[in-house]
Amino acid sequence: MSDFPERKPIAHPTGNAPWIGTGWKMNKTLGEAREYARDLRAYVAATDLAATVFIVPPFTVLSNVCEELEGSPVLVGAQNAHWEDTGAYTGEISCRMVADCGAEMLEIGHSERRRCFSETDVTVHLKVRAALRHGLRPLICVGETAEERAHGVAVDTVNRQVAFALHGLSAGDALRCALAYEPVWAIGEGGSPASPDEANLMHAAIRRRVSELFGAKAARNIPLLYGGSVTSENAAGFLREPEVDGLFIGRAAWSCEGFLEILGLAERYRAGAS
Ligand code: PGA
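Just so we're clear, the structure is a prediction, and the values are computed from it rather than from any experiment.

What about the overall build of the chain?
Part 1 of the reasoning: Secondary structure summary: the chain contains 12 helices and 8 strands in total.
Part 2 of the reasoning: In summary, the chain has a C-alpha radius of gyration of 17 Å against a globular reference of 19 Å for 274 residues, a match within 12%.
Part 3 of the reasoning: Each principal axis of the C-alpha distribution contributes one length, and for the chain these read about 50 × 45 × 35 Å.
Part 4 of the reasoning: Per-residue burial for the chain yields a buried fraction of 54% across its 274 residues.
Part 5 of the reasoning: Roughly 12000 Å² of accessible area belongs to the chain as shown, and the carbon and sulfur atoms make up 53% of that amount.
Part 6 of the reasoning: Within the chain, the 35 negative side-chain charges are centred at a point lying 3 Å from the centre of the 27 positive side-chain charges.

Written out as structure tokens, the structure reads:
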């Protein structure tokens, strides 16, 4: 049962198909975005891809990308939104506006937003509720800093972020969310990826917490993605881990060719070829 009137049902992928997506961050002009979306659309149409594919473009191209991908199974998300629907919030975009563009997901709480734009666990929580209110699937990013890991509080930190984000939701609504474990030390230039084993251990800890909060079914079914310096070289290693349900990719998928390479790997991996 949902506490939020559904604008439209949030689609659930079936089976064990991985979630593979990319956030474009502050990149791409309209022309670049359209071209990427067209190439991705053509690839997905030509391939019997057993993956839930998503892209998270910047606001300026969101409606154009949604238009390019209309009718395609590729999901589109926004990188952030305010929790209020309307109002005097200069420079902000609401979930209502994001949904109106045709987007289906909302990335919330990326570490760059937490670090550079004062995003807190409380605002993440408000945004999760706002996204659900507008039928957007929250993709909630969590992750510890290198310092938190060095001091032995990585699991506590991540589970606190998860508990804040999902606080007060019904099990059904928790299941309409996805979580991306993105250790801060693994993201971006100068980051180094977690090992598949490190990712798997943290995902298992997150799943235990979700199970305590919402029960075993939610824990089993909520998608848990790994992000942070994913490349075509290491992607299959993460996907092989039993607790990793997908990948959230930055730089390696900013070119469509790079993204397609990883999607191809995921496909081959699923088919048991690598
Ligand atoms: P990266 O970014 O793959 O470039 O490290 C990941 C992310 O920020 O989600």
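Quick word on the site of the ligand
Part 1 of the reasoning: Around the ligand, a shell composed of Lys-25, His-110, Glu-182, Ala-186, Ile-187, Gly-188, Gly-228, Ser-229, Val-230, Phe-248, Gly-250 and Arg-251 is seen.
Part 2 of the reasoning: His-110 is positioned such that a nitrogen or oxygen atom in its side chain is 2.6 Å from an oxygen atom of the ligand.
Part 3 of the reasoning: Gly-250 places a main-chain nitrogen or oxygen 2.9 Å from an oxygen atom of the ligand.
Part 4 of the reasoning: A class-by-class count of the residues in the shell around the ligand yields 4 nonpolar, 5 polar and 3 charged.

Re the pattern of salt bridges
Part 1 of the reasoning: Under the definition given, this model contains 15 salt bridges.
Part 2 of the reasoning: In this structure, the salt-bridge partner of Glu-68 is Arg-38, at a minimum N-O distance of 3.3 Å. In this pair, Glu-68 sits in helix α2 (residues 62–68) while Arg-38 sits in helix α1 (residues 30–46), placing the two residues 30 residues apart along the sequence.
Part 3 of the reasoning: Its relative accessible area of 15% is what places Glu-68 among the buried residues.
Part 4 of the reasoning: Note that Arg-209 is salt-bridged to Glu-212, the shortest N-O span being 2.8 Å. Pair noted here: Arg-209 and Glu-212 are both in helix α9 (residues 196–214), with a separation of 3 residues, about one helical turn.
Part 5 of the reasoning: Here Arg-209 falls in the partly exposed class, since its relative accessible area comes to 24%.
Part 6 of the reasoning: For Glu-212, a relative accessible area of 58% puts it in the exposed group.

Digging into the pairing of strand β1 (residues 19–23)
Part 1 of the reasoning: Taking burial as the measure, the 5 residues of β1 include 5 buried ones, the bulk of the element.
Part 2 of the reasoning: In β1, alternate side chains face the same way, and those of Trp-19, Gly-21 and Gly-23 on one face and Ile-20 and Thr-22 on the other are all buried.
Part 3 of the reasoning: When β1 meets strand β2 (residues 52–56), the two strands line up parallel, connected through 5 bridges. If you follow Ile-20 over to β2, its bridge partner there is Val-53.
Part 4 of the reasoning: The parallel pair β1 and β2 is bridged by α1, and the resulting crossover is right-handed.
Part 5 of the reasoning: Pairing analysis gives 4 bridges linking β1 to strand β8 (residues 246–249), with the strands arranged parallel. Looking at the pairing, Gly-21 lines up with Phe-248 of β8.

Points about a negative patch on the surface
Part 1 of the reasoning: A contiguous patch of negative charge on the surface is contributed by Glu-32, Glu-35, Asp-39 and Glu-257.
Part 2 of the reasoning: With 3 residues, α1 is the single largest residue contributor to the negative patch.
Part 3 of the reasoning: With respect to the secondary-structure elements, Glu-257 resides in helix α12 (residues 256–270).
Part 4 of the reasoning: By relative accessible area, which is 56% here, Glu-257 ends up exposed.

Examining the nonpolar core
Part 1 of the reasoning: Ranked by size, the top nonpolar core spans 75 residues in total, and within it Ile-20, Leu-40, Ile-55, Ile-206 and Phe-259 carry the most contacts.
Part 2 of the reasoning: Of all the elements, α12 adds the most residues to this core, at 7 residues.
Part 3 of the reasoning: Sequence-distant contacts of Ile-206, defined by excluding residues within four places in its chain, comprise Val-142, Val-158, Asn-159, Val-162, Leu-179, Tyr-181 and Leu-224.
Part 4 of the reasoning: The next biggest cluster of nonpolar side chains, apart from the first, holds 11 residues, and it includes Leu-139, Ala-178, Ala-180 and Leu-225.

Cut-offs and rules
- Along each chain, residue indices are assigned from 1 in the same order as the chain's sequence is written.
- Two thresholds apply to this predicted model, a pLDDT of at least 70 for residue-level local features and 80 or more for giving and counting side-chain atom pairs, whereas whole-chain, interface and lining totals are computed over all residues.
- Values shown for side chains rest on all heavy atoms present in the structure; no hydrogens or waters enter the calculation.
- Secondary structure follows DSSP: runs of H or I at least 4 residues long count as helices, runs of E at least 2 residues long count as strands, and numbering of each begins at the N terminus.
- The quantity called the radius of gyration is restricted to C-alpha atoms. Its globule counterpart is 2.2 Å times the number of residues to the power 0.38.
- Only protein chains enter the accessibility calculation, which uses a 1.4 Å probe; a residue is then buried when its area is under 20% of its type maximum, exposed when over 50%, and partly exposed in between.
- All accessible areas in this document rest on Shrake-Rupley with a 1.4 Å probe, and a residue is counted as covered only by the protein chains that are shown.
- Counting rule for charge: Lys and Arg are taken as positive, Asp and Glu as negative, and neither His nor the chain ends is counted.
- To locate a charge, take atom NZ for lysine, CZ for arginine, CG for aspartate or CD for glutamate.
- Consider each residue's heavy atoms; a residue with any of them within 4 Å of a molecule or strand counts as near.
- Definition of a polar contact: a pair of N or O atoms within 3.5 Å, with one able to donate and the other able to accept a hydrogen when the atoms are protein atoms, and with sequence-neighbouring residues admitted only if both atoms are side-chain atoms.
- Basically, the charged four are Asp, Glu, Lys and Arg, the nonpolar ten are Ala, Val, Leu, Ile, Met, Phe, Trp, Tyr, Cys and Pro, and anything else, Gly included, counts as polar.
- Here, a salt bridge means any Lys or Arg side-chain nitrogen found within 4 Å of an Asp or Glu carboxyl oxygen.
- Here a strand pair is declared whenever DSSP counts at least two bridges between the two strands.
- For a crossover, the right-handed case is the one in which the path from the first strand over the helix to the second runs clockwise, viewed with the strands pointing away from the viewer.
- A residue counts toward a patch only above 30% relative accessible area and without a salt bridge, and it is joined to like-charged neighbours within 9 Å or, for Val, Leu, Ile, Met, Phe, Trp and Tyr, to nonpolar neighbours within 5 Å.
- Only buried residues count toward a nonpolar core. Its members are Ala, Val, Leu, Ile, Met, Phe, Trp, Tyr and Cys residues joined through side-chain atoms within 4.5 Å.
- Should any heavy atoms of two residues lie within 4.5 Å, those residues are counted as being in contact.

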